Amino acid sequence: MTDAFPATASKLGLYPVVDSVEWIARLLEAGVRTIQLRIKDCEDHEVEDAVREAIALGKQYRARLFINDYWRLAIKYHAYGVHLGQEDLDVADLAAIREAGLRLGLSTHDDAELDRALALRPSYIALGHIYPTQTKDMPSAPQGVVELKRHLARLHNVPTVAIGGISLARVPEVLATGVGSIAVVSAITQAADWRAATQQLLSLVENGIEPAEAV
Ligand SMILES: Cc1ncc(COP(=O)(O)OP(=O)(O)O)c(N)n1
Ligand SMILES: Cc1ncsc1CCOP(=O)(O)O
Ligand SMILES: [Mg+2]
């Protein structure tokens, strides 16, 4: 059996996914403790400064900072973790990520992808998209909360994250599925008042979760 990736918190709570160091800084300052830097479609050298600065901020705030896609840079600067999609899995050096001690989060969209993800023993598994989203072109249909719940039934011992179209108003029905974390982009970055939105999301999602484990 393949070695497991390092463990992360059993419930990751509110998980903003953002595209700049500025967003990382303001959300960590606002109390977010799980966060992802997601800058799409760049060469490593174009995002190296941003990745390094985001990782430094993550360490400063003792937060769980995941780097999307740029796994070589995440290893180079000792990120807390890396998030990869199914296509990324075809090219990434998973052994190098594991040996460097980084946590690994994986995207899944259906049962076959869940099978593949489970076999890799990642630190968490993300499920989506749950609702229609304007943030990313998705080839598949939204899975909805009924399908999310069915998938979660296979994932008792793995931290889970729901993503895609999750607004403040939809958080309660997503949480009711038992998922351990809610990942959002536009619910924060497109909010009229991002600070208020972040505080409302934090209190809804993290109410009842143990204080953050040391990072
Ligand atoms: C928490 C979380 N879940 C899913 C994704 C999507 O990742 P991926 O499939 O690799 O697509 P891109 O984000 O790279 O466009 C994510 N980033 N974070
Ligand atoms: C990156 C990603 N992966 C699946 S859906 C999505 C975008 C989620 O953005 P939003 O929360 O604005 O729908
Ligand atoms: Mg990706």
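Residues numbered from 1 in each chain as written. Chains lettered and ligands numbered in written order. Predicted model: local features only at pLDDT ≥ 70, side-chain atom pairs only at ≥ 80, totals over all residues. Heavy atoms only, no water.

An unreviewed UniProt entry lists the protein chain under the name Thiamine-phosphate synthase, with Pantoea endophytica as the source organism. The Function (unreviewed entry) comment attached to the protein chain in UniProt states, word for word, "Condenses 4-methyl-5-(beta-hydroxyethyl)thiazole monophosphate (THZ-P) and 2-methyl-4-amino-5-hydroxymethyl pyrimidine pyrophosphate (HMP-PP) to form thiamine monophosphate (TMP)." The UniProt entry for the protein chain carries the following text under Sequence similarities (unreviewed entry): "Belongs to the thiamine-phosphate synthase family." (UniProt positions renumbered as here; feature names shortened; annotations may be inferred.)

### Considering unusual backbone geometry
The omega torsion across Gly128 and His129 is -10 degrees, close enough to zero to call that bond cis. Even without being a glycine, Asp69 presents a positive backbone phi close to 75 degrees. Its place among the elements puts Asp69 in the loop between β3 (64-68) and α3 (71-76). We classify Asp69 as buried; its relative accessible area is 16%. One non-glycine residue, His78, lies in the positive phi region at around 55 degrees. Structurally, the position occupied by His78 is in the loop between α3 and β4 (81-84). (Helix = DSSP H or I, 4+ residues; strand = E, 2+ residues; numbered from the N terminus. Buried < 20%, exposed > 50% of the residue type's maximum accessible area, 1.4 Å probe, protein only.)

### What to know about the packing of helix α1 (residues 21-29) against helix α2 (residues 44-60)
With their axes 9 Å apart at the nearest point, α1 and α2 run at an angle of 5 degrees to one another. Overall, the two elements α1 and α2 adopt an arrangement that is roughly parallel. Counted together, Val21, Ile24, Ala25 and Leu28 of α1 and Ala50, Glu53, Ala54, Leu57 and Gly58 of α2 form the full contact between these two elements. In terms of residue class, the contact of α1 with α2 is built from seven nonpolar, one polar and one charged. (Axes fitted to C-alpha atoms, helices over the stretch in contact; angles between N-to-C directions. Parallel < 35°, antiparallel > 145°, perpendicular 65-115°, else oblique. Contact = heavy atoms within 4.5 Å. Nonpolar A, V, L, I, M, F, W, Y, C, P; charged D, E, K, R; others polar.)

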